[in-house]
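As a plain string of letters, each chain reads:
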Number of protein chains: 2
Amino acid sequence: MTQDGRRLRGLRSREAILERAVALASVEGLDGLSLGRLAAATGTSKSGFFAHWRDKEQLQLDALDWATRQWADQVVAPAMAAPAGVRRLFALHEARLRFYGDGVLPGGCFFFTVQAEFDDRPGLVRDRVARALREWQEFIRRQVAQAVAQGELAESVDAAQLAYEIDALGEMVVVHSRLHDGPVALVHARRAVLQRLRALCPDPTLLPED
Amino acid sequence: MTQDGRRLRGLRSREAILERAVALASVEGLDGLSLGRLAAATGTSKSGFFAHWRDKEQLQLDALDWATRQWADQVVAPAMAAPAGVRRLFALHEARLRFYGDGVLPGGCFFFTVQAEFDDRPGLVRDRVARALREWQEFIRRQVAQAVAQGELAESVDAAQLAYEIDALGEMVVVHSRLHDGPVALVHARRAVLQRLRALCPDPTLLPED
DNA sequence: CAGGTATACAACCGATCGGTCGTTAATATA
DNA sequence: TATATTAACGACCGATCGGTTGTATACCTG
């Protein structure tokens, strides 16, 4: 029951469609994205989608999974190269800013767009978006807790509190850089987290000065 | 050429429609909001809109103005009651969090939704959204600069940098409280700015301890 | 009271939406 | 080789989209 030629081709086009869907959804949202435009952008027919997905919602859920894997590959994985503790925490922040600054997605951040789109309406997609945010927040919180355990952050640090600050300061770069500040927003976001971590770190030499 | 009875009625329904439009747009966005649903929500006919607005874009622009006035009345004005300086700066942050926490708009924040919606597409609406964000950011920056001038914040403070931090920490409450944290997000956002200001303030007794 | 103006409406328009149906061609399995 | 299975398609469906047109009614001005 291994992958034969035909299913392989199917998988390939499936992945190609999901990649385009995530890119387009980072601009117009998962619901704002229409199947007709997605078909035009991928050079396929609209009706062909329903061989891969039962309906639009299933495609949205798979696009969410695809974006999660992209985030794991391009943001989380590079940061894990840094030594555990406060350096990995800051590497995570910098990897995210690099992801935005490099313009990997045309809309800047898939998750930002989708969170803003679904935070108010019920449904399967909303639940998966909420889970993705929860897991991301929990992941940052664990990195903070680890840094505290290693003695690289003050004992008094509230991990969930600091995780919120790091995420908020990183996330708002998307809209500020596009509507207002340009690259300056990246500088602000980087410096905000860097100085916050340095202030809480008994050995600030672990982090760059500026 | 003063307001006569008829024009007054027109103005009243115009304001009522804009209020509903802002409330609905805080959930579905300015473009996601359809004229048909807005008509149903206001108990009027869709075609009646075109007596007040040339097209949907004009209605969107007026809704933006309406939301700006609402923000000025319900967030900025109350904060101006606090004495200028670091106390007014924090009052501004608290007024915003109260606006979110009280659920004044069903979607939490009109501007958050609309920024996420329009940060990627060109047009008149996008330009006005960008201007609103720029003016808001500039307003916070002036409050920071004033606090520095009064000696209530350290001389070394970069006003634009601190303004970005205050705005980002306040804005991300919307999505975090709705998708993840609930009211805890409000606590995180409040404490983050409070502790940041206290750390920069030569006389921390101007601000609450926690 | 006459005439113009503004509010608001129902009916309707072409375009697009998500989705269905029936078919074709290529592949995998027996 | 015979038979399912699968990817992919064009044509089409009812619903909804933003927007137009024509009309009825209420109001203000002359």
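Below you will find a few notes about this structure. Starting afresh in each chain, residues are numbered from 1 along the sequence in its written order. The lettering of chains begins at A and the numbering of ligands begins at 1, in the order of writing. Local features are withheld for residues below a pLDDT of 70 in this predicted model, meaning they are given only at 70 or higher, and side-chain atom pairs are given and counted only at 80 or more; totals for whole chains, interfaces and linings count all residues. As a convention, hydrogens and water are excluded, and side-chain values are obtained from all of the structure's heavy atoms.

1. Some details on the side chain of B:Q137
Residues and elements named next belong to chain B. Mapped onto the secondary structure, Q137 falls in helix α6 (residues 124-149). Under the scheme applied here, a residue whose accessible area is under 20% of the maximum for its type counts as buried, over 50% as exposed, and between as partly exposed, the area being computed with a 1.4 Å probe on protein chains only. For Q137, a relative accessible area of 6% corresponds to the buried category. Whenever a nitrogen or oxygen atom comes within 3.5 Å of another N or O atom, the pair is scored as a polar contact, on the condition that within protein one atom can donate a hydrogen and the other can accept it, and that pairs from neighbouring residues in sequence are kept only if both atoms are in side chains. Polar contacts involving the side chain of Q137 include one to the main-chain carbonyl oxygen of A163, which spans 3.3 Å. Segments assigned H or I by DSSP are reported as helices when at least four residues long, segments assigned E as strands when at least two residues long, and all are numbered from the N terminus.

2. So, the interface of chain A and chain B
The contact definition used throughout considers only heavy atoms, calling two residues in contact when any of these lie within 4.5 Å. At the junction of the two partners, chain A supplies 39 residues and chain B supplies 39 residues. The junction of chain A with chain B conceals about 3500 Å² of combined surface from both sides, 62% of it contributed by carbon and sulfur atoms. Together, A:D120, A:Y164 and A:L179 form the three largest contributors to the area buried by chain A at its contact with chain B, with a combined 22%. One speaks of a salt bridge when a side-chain nitrogen belonging to Lys or Arg is within 4 Å of a carboxyl oxygen belonging to Asp or Glu. For the interface between chain A and chain B, the tally reads four salt bridges. Between A:D158 and B:R191 there is a salt bridge, with its nearest N and O atoms 3.3 Å apart. Applying the counting criterion to the chain A and chain B interface returns 16 residue pairs in polar contact (both at pLDDT 80 or more). Where the side of chain A that touches chain B is concerned, the elements lending two or more residues are α1 (5-28), α6 (110-118), α7 (124-149), α8 (159-171), α9 (173-179) and α10 (184-200) of chain A. It is α8(A) that contributes the most residues to the side of chain A that touches chain B, eight residues altogether. Here the term charged refers only to Asp, Glu, Lys and Arg, the term nonpolar to Ala, Val, Leu, Ile, Met, Phe, Trp, Tyr, Cys and Pro, and the term polar to all other amino acids, Gly among them. Class assignment of the residues belonging to the side of chain A that touches chain B gives a composition of 21 nonpolar, eight polar and ten charged. A 1.4 Å probe defines the accessible area here, and the buried area is the portion of it lost by two parts on being joined, summed over both.

3. Things to note about the packing of α8(A) against helix α7 (residues 159-171) of chain B
Each pair of packed helices can be summarised by the angle the axes make with each other and by the distance between the axes. All axes here are fitted lines through C-alpha atoms, helices being fitted over the stretch that makes contact, and every angle between N-to-C directions spans 0 to 180 degrees. Closest axis-to-axis distance for the α8(A)/α7(B) pair is 8 Å, and the angle between their directions is 110 degrees. One element, α8(A), and the other, α7(B), form an angle in the roughly perpendicular class. Packed against α8(A), whose contacting residues are A:Y164, A:E165, A:A168 and A:L169, the element α7(B) presents B:Y164, B:E165, B:A168 and B:L169 at the interface. Partitioning the contact of α8(A) with α7(B) into residue classes produces six nonpolar, no polar and two charged. For classification purposes, an angle smaller than 35 degrees is called roughly parallel, one larger than 145 roughly antiparallel, one from 65 to 115 roughly perpendicular, and anything else oblique.

4. So, the packing of aromatic side chains
All names here are of chain A. We call Phe, Tyr and Trp rings a pair once their centres come within 6.5 Å, taking the six-membered ring for Trp, and we label the pair stacked below 30 degrees between planes, edge-to-face above 60, and tilted otherwise. What the rule picks out here adds up to 17 aromatic pairs over all chains. With 6.2 Å between their ring centres and 75 degrees between their planes, W71 and F111 make a pair best called edge-to-face. Of this pair, W71 sits in helix α4 (residues 56-79) while F111 sits in helix α6, and the two are 40 residues apart along the sequence. Its relative accessible area of 13% is what places F111 among the buried residues. With 6.3 Å between their ring centres and 25 degrees between their planes, W136 and F139 make a pair best called stacked. Highlighted residues: W136 and F139, both in helix α7, separated by three residues, approximately one helical turn. For W136, a relative accessible area of 12% corresponds to the buried category. Grouping aromatic residues by their ring pairs yields a cluster made of W71, F99, Y100, F110, F111, W136 and F139. Charge over a ring is defined by NZ of Lys or CZ of Arg lying within 6 Å of the ring centre and within 35 degrees of the ring normal. Sitting over the face of the ring of F118, R121 holds its NZ or CZ atom 4.8 Å from the ring centroid.

5. Some points on the environment of A:H93
All names here are of chain A. Looking at where H93 falls in the secondary structure, it is placed in helix α5 (residues 86-101). A residue is classified by how much of its surface remains accessible, and H93, at 3% relative accessible area, is buried. Expressed as a C-alpha distance, the spacing of H93 and V193, which sit 100 residues apart in the sequence, is 7.9 Å. Leaving out residues up to four positions away in the same chain, H93 has contacts with I166, L169, G170, A189, R190 and V193.

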